[in-house]
Amino acid sequence: MVLAVGLLASRLWLVEPVTVSSDSMAPALPKGSVVLMFKPGPLLGPVRAGDLVVFTSPEDGNPAVKRAIAFGGQSVAIEDSVLVVDGVPQAEPGIDHSRIDGTYFGPVTVPDGHVFVLGDNRSGSIDSRAYGSVPLESLQATVLWPAGR
């Protein structure tokens, strides 16, 4: 009985599996992948650029998994598939630039108290380029497994 209660409590407040429902995070997280979201993650410490975060998508109301890119006061742009934060091109070893060649966006400045999120599959992702930055208080979890980096 204690074990069952412990497992239930863990699922309610600590760790919960979520199935990735789109290809927006491919190849890191293909459609159908299961990730473990760590619910207290955003409360225990600051989310960092590169972390995978979970929030309710403004697009369809479902849980969304995206990569945190930039935070309040930072500028974000995509220049011919290269992510540029505060004017500095970012190394993104998990991004297949040949799949997103010719992609341009911004620059935009992230409002204070917000995070700019992107899918790794930039050509097939609905993310902050479409619905804007996500308020930090809207983050429900960070991805515990597979690791976000």
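Look above for the structure.
A brief structural summary.

Cut-offs and rules
- Residues numbered from 1 in each chain as written.
- Predicted model: local features only at pLDDT ≥ 70, side-chain atom pairs only at ≥ 80, totals over all residues.
- Heavy atoms only, no water.
- Helix = DSSP H or I, 4+ residues; strand = E, 2+ residues; numbered from the N terminus.
- Buried < 20%, exposed > 50% of the residue type's maximum accessible area, 1.4 Å probe, protein only.
- Contact = heavy atoms within 4.5 Å.
- Areas by Shrake-Rupley, 256 points an atom, 1.4 Å probe, with all protein chains shown as cover.
- Polar contact = N/O pair within 3.5 Å; in protein donor to acceptor, adjacent residues only side chain to side chain.
- Phe/Tyr/Trp six-rings, centres within 6.5 Å; stacked < 30°, edge-to-face > 60°.

## Some details on the overall build of the protein chain
Inference 1: On a plain count of helices and strands, the protein chain comes out with three helices and 11 strands.
Inference 2: Reading the helices (α) and strands (β) of the protein chain from amino to carboxyl end gives α-β-β-α-β-β-β-β-β-β-β-α-β-β.
Inference 3: In the protein chain, buried positions account for 40% of the 149 residues.
Inference 4: In the protein chain, the share of contacts with a sequence separation of at least 24, taken over all contacts with a separation of at least 6, comes to 56%.
Inference 5: Looking at the protein chain as shown, the accessible area adds up to about 8000 Å², and 60% of this sits on carbon and sulfur atoms.

## With respect to the side chain of Ser125
Inference 1: Mapped onto the elements of the fold, Ser125 is located in the loop between β9 (114-118) and α3 (128-131).
Inference 2: A distance of 3.1 Å separates a polar atom in the side chain of Ser125 from a polar atom in the side chain of Lys66.
Inference 3: In this structure the side chain of Ser125 is engaged in a polar contact, spanning 2.9 Å, whose partner is the side chain of Asp127.
Inference 4: Beyond its immediate sequence surroundings of up to four residues, Ser125 is in contact with Ser24, Lys66 and Gly119.

## Things to note about the packing of aromatic side chains
Inference 1: Considering all chains together, one arrives at two aromatic pairs under this definition.
Inference 2: Both rings, one in Phe55 and one in Tyr131, keep their centres 6.3 Å apart while their planes meet at 70°; by these two values the pair is edge-to-face. Here Phe55, found in strand β3 (residues 52-56), pairs with Tyr131, found in helix α3; they are 76 residues apart in sequence, far enough to count as distant. In this pair, the class of Phe55 matches that of Tyr131, namely buried.
Inference 3: The interplanar angle of 40° and the centroid separation of 5.8 Å between the aromatic rings of Phe105 and Phe116 together place this pair among those described as tilted. Here Phe105, found in strand β8 (residues 105-109), pairs with Phe116, found in strand β9; they are 11 residues apart in sequence, far enough to count as distant. Each member of the pair Phe105 and Phe116 is classed as buried.

## A look at the environment of Val108
Inference 1: With respect to the secondary-structure elements, Val108 resides in strand β8.
Inference 2: Accessibility expressed as a relative area gives 30% for Val108, which makes it partly exposed.
Inference 3: In this structure, the C-alpha to C-alpha distance between Val108 and Gly73, residues 35 residues apart in sequence, is 9.7 Å.
Inference 4: When near neighbours in sequence (up to four residues on either side) are disregarded, Val108 contacts Gln74, Ser75, Val76 and Phe116.

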